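# What the coordinates show
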Amino acid sequence: MYVQLYDWFRSAIISGHLRAGQKVPSSRQLAAELKISRITVLSAFQQLHAEGYLEGTVGSGTYVAQSIPDNAVKLASGDAPRRLPSNSQPGPRRVSKLGTKFLSSPGIPRGFRAFQVGLPALDRFPKTTWSRLLIRHSRQTKKELMAYGNPMGRLACREAISEYLSVVRGVRCHPTQIMIVTGSQQALDIAARVLLDPGDPAWIEEPAYPGAVRAFAAAGARLVPVRVDQEGLDVNRGIKRCPDARVAVITPSHQFPLGMTLSATRRVLLLDWATRNGSWIIEDDYDNEYRFGIRPIASLQGLDKDERVIYVGTFSKVLFPSLRIGYVIIPNDLIPAFTRIRETSDIFPPPLNQEVLTDFIREGHLERHIRRMRMLYLERHDTLVAEIRKKLGGGFEVATANAGTYLVLLLPESFRDTAVAEKAAQVDISAVPLSICYQEQPRKQGLILGYGGVNRKQIQDGVSKLAAILGGQ
């Protein structure tokens, strides 16, 4: 009831029905007239005093404040606002050049449709096991888990990740070099801000992961696209084009989006260039857990003798995206800078899921889950390839590296992948245009199709819909 009284007085003051300096009834008088408790009136008056609508002291009466802005009263009473100058153009509010650039660039769609890129098989995740561990740690919440934490993350979680990576990826690091982040995107963003000044050149794969392009563009880097071929990033081409680049951003084990692996020769060339030039290599270990028929490719970081590689990984595609846990392995001399930059954004990572993930790794659940998913994704990969060949015919090439959770369907030159993707969205199909991953011309035309989060029926129906679109061009 006091809120209703407060709202009435506030509206009356703003609309001008109660004028500045006008005396209002006493709380006792108003309570008697309205037949309500005086405490109710006093509560409303107290709020109006606190917000500056009323003024006065006990014994001298209560008045409408003199400081209510005239324009607030006029606008509330329905008067037209002041017109813009004749040389002003109405339109969207101004944002930065970078913001404008990002607004004009297409984003990657998210959802549960076929063929959503980056979505794992959520229906096969061991939810019961994860829930049990989550309940365990929720019931045993310690005081330190509720306070501010270490910007690098919980030490126990970093130790578990270090042990896991040393076995399955050949990574060489101490747990104190690992920073827990909210995913690979945050790792790329922090690394770009630590390593680059505006205008510094950075090698970027051509084509490249759009998230990496945006992160380094946001840091003001001068992007230098370096084409990839069947051996991965063409290091010699990069050296000819920009030998003094400050950083090279690569996906060496499973290139995004085309899927090839950086050859051993080029790995040595790249490390040699970074050492001689004093440059840095950011190794985004994208989707490498799922290789079909062979063991995962050893990391580039494991070959690095001069601490020139910054290694980035995430559990978003291995476990589930909303977990928001990734990691970055930092050369020792860069740890203070990474810590300070991290503190300017989210200060430290939330601890509860780190505690759960620690047990999930150490009790062997992660390894078992990856083994099961590797077989499932192989089955879904083969199903998608077979459906494409059956329903699209020989005019369409599938670029597949027998790894990961997506493949690329290359389109003939007569097609424009952005137009095909728009039509696919209209029939509830997610298809990322390959061309948006390029910075320069010529751009290959194709569709990036994720199969990790779709079952056999969704794959069959999705390819049928794509066949209808592509056949109608």
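Everything discussed here concerns the structure shown above.
To keep things clear, this report deals only with the structure shown in the data block. Please read these numbers as outputs of a predicted model, since none were measured by experiment.

In terms of regular secondary structure, the chain is built from 16 helices and 15 strands. At 30 Å, the chain has a C-alpha radius of gyration far larger than the 23 Å of a compact globule built from 473 residues. Residue burial in the chain is summarised as follows: out of 473 residues, 49% are buried. A separation of at least 24 residues holds for 73% of the contacts in the chain among residues at least 6 apart in sequence. Computed over 61 positive and 45 negative side-chain charges, the separation of the two mean positions in the chain equals 4 Å.

Time to look at empty space enclosed by the protein. A complete count under the given rule lists four cavities of 30 Å³ or more for this structure. If you add up the space inside the largest cavity, you get close to 90 Å³. Lining the largest cavity are Ser 184, Asp 284, Asp 285, Tyr 286, Asp 287, Glu 289, Gly 313, Thr 314, Lys 317 and Val 318. Looking at the lining of the largest cavity residue by residue, the classes come out as two nonpolar, three polar and five charged. What lines the second largest cavity is Ile 204, Glu 205, Ala 208, Tyr 209, Ala 212, Val 249, Ile 250, Thr 251 and Asp 284. Taken together, the residues of the lining of the second largest cavity break down into six nonpolar, one polar and two charged.

Attention shifts here to the pattern of salt bridges. In the structure shown here, the tally under the stated rule is 18 salt bridges. In this structure, Arg 136 engages Asp 359 in a salt bridge whose closest nitrogen and oxygen atoms are separated by 2.9 Å. Here Asp 359 lies in helix H13 (residues 352-362) and Arg 136 lies in helix H6 (residues 127-139), a separation of 223 residues in the sequence. Relative accessible area serves as the criterion here: at 27%, Arg 136 is assigned to the partly exposed category. The salt bridge partner of Arg 266 is Asp 229, with a shortest N-O separation of 2.6 Å. Here Arg 266 is found in helix H11 (residues 264-277), whereas its partner Asp 229 is found in strand E6 (residues 222-229), with 37 residues between them in sequence.

As for its position among the elements, Gln 354 is in helix H13. Separated by 3.3 Å, the side chain of Gln 354 and the backbone oxygen of Pro 349 make a polar contact. Beyond its immediate sequence surroundings of up to four residues, Gln 354 is in contact with Gly 153, Arg 154, Cys 157, Ile 180, Ile 325 and Pro 349.

Neighbouring strands of a sheet are bound in pairs by backbone hydrogen bonds; such pairs are parallel or else antiparallel. With mixed pairing, the eight strands of this open sheet are ordered in space as E4-E11-E10-E9-E8-E5-E6-E7. For this open sheet the edge positions go to strand E4 (178-181) and strand E7 (232-233), each flanked by a neighbour on one side alone. Relative to E7, E6 runs antiparallel, the two sharing two bridges. Each residue of the ladder has a partner; that of Asp 229, found in E7, is Gly 232.

Let us look at the nonpolar core. In terms of nonpolar packing, the biggest core is built from 58 residues, with Phe 115, Phe 315, Leu 319, Leu 409 and Leu 449 touching the most fellow members. With nine residues, helix H14 (residues 365-392) is the largest single contributor of residues to this core. Among residues more than four places away in sequence, those in contact with Leu 449 are Phe 115, Val 117, Leu 384, Ile 388, Thr 405, Tyr 406, Leu 407, Leu 409, Ser 430, Ala 431 and Leu 466. Ranked by size, the runner-up nonpolar core spans 47 residues in total, among them Leu 188, Val 228, Tyr 286 and Val 432.

The strand order across the open sheet built from four strands is E12-E13-E15-E14, with neighbouring strands paired in antiparallel fashion. One side of each edge strand has no neighbouring strand; the edge strands of this open sheet are strand E12 (397-399) and strand E14 (432-433). Of the pairings in the sheet, the one linking E14 to strand E15 (residues 446-450) comprises two bridges and is antiparallel in character. Across the sheet, Val 432 pairs through a bridge with Ile 448, a residue of E15.

Below, the discussion takes up H11. Residues three or four positions apart in an α-helix share a direction because the helix packs 3.6 residues into each turn. The terminal C-alpha atoms of H11 lie 20 Å apart, and with 14 residues this matches the ideal 20 Å at 1.5 Å per residue to within 8%. Two residues or fewer past H11, Gly 278 is found with a positive phi of approximately 70 degrees.

A few words now on the environment of Ala 192. In this fold, Ala 192 is placed in helix H8 (residues 184-195). A relative accessible area of 0% means that Ala 192 is categorised as buried. Considering only alpha carbons, one finds Ala 192 and Phe 216, 24 residues apart in sequence, at a separation of 5.5 Å. When near neighbours in sequence (up to four residues on either side) are disregarded, Ala 192 contacts Ala 215, Phe 216 and Ala 219.

Moving on to the packing of aromatic side chains. Under the counting rule described, the total for this entry stands at 18 aromatic pairs. Aromatic side chains Tyr 311 and Tyr 327 sit 6.4 Å apart centroid to centroid with 20 degrees between the ring planes, which places their arrangement in the stacked category. Of this pair, Tyr 311 sits in strand E10 (residues 309-314) while Tyr 327 sits in strand E11 (residues 326-329), placing them 16 residues apart in sequence. On the basis of relative accessible area, Tyr 311 is assigned to the buried category, the value being 0%. Relative to Phe 415, the ring of Phe 396 lies with its centre 5.8 Å away and its plane at 55 degrees, an arrangement referred to as tilted. Placement of the pair is Phe 396 in the loop between H14 and E12 and Phe 415 in the loop between strand E13 (406-410) and helix H15 (417-426), with a sequence separation of 19 residues.

What counts, and at which threshold
- Residues numbered from 1 in each chain as written.
- Predicted model: local features only at pLDDT ≥ 70, side-chain atom pairs only at ≥ 80, totals over all residues.
- Heavy atoms only, no water.
- Helix = DSSP H or I, 4+ residues; strand = E, 2+ residues; numbered from the N terminus.
- Rg over C-alpha atoms; globule rule 2.2 N^0.38 Å.
- Buried < 20%, exposed > 50% of the residue type's maximum accessible area, 1.4 Å probe, protein only.
- Contact = heavy atoms within 4.5 Å.
- Lys, Arg positive; Asp, Glu negative; His and termini not counted.
- Charge placed at Lys NZ, Arg CZ, Asp CG, Glu CD.
- 1 Å grid on protein atoms, 1.4 Å probe; cavity = no way out; pocket = protein on both sides within 12 Å on 5 of 7 lines; lining within 4 Å.
- Points joined across faces, edges and corners; volume = space filled by probe spheres on them.
- Nonpolar A, V, L, I, M, F, W, Y, C, P; charged D, E, K, R; others polar.
- Salt bridge = Lys/Arg side-chain N within 4 Å of Asp/Glu carboxyl O.
- Polar contact = N/O pair within 3.5 Å; in protein donor to acceptor, adjacent residues only side chain to side chain.
- Pairing = 2+ DSSP bridges.
- Core = buried A, V, L, I, M, F, W, Y, C linked by side-chain atoms within 4.5 Å.
- Expected span 1.5 Å × (residues − 1).
- Phe/Tyr/Trp six-rings, centres within 6.5 Å; stacked < 30°, edge-to-face > 60°.

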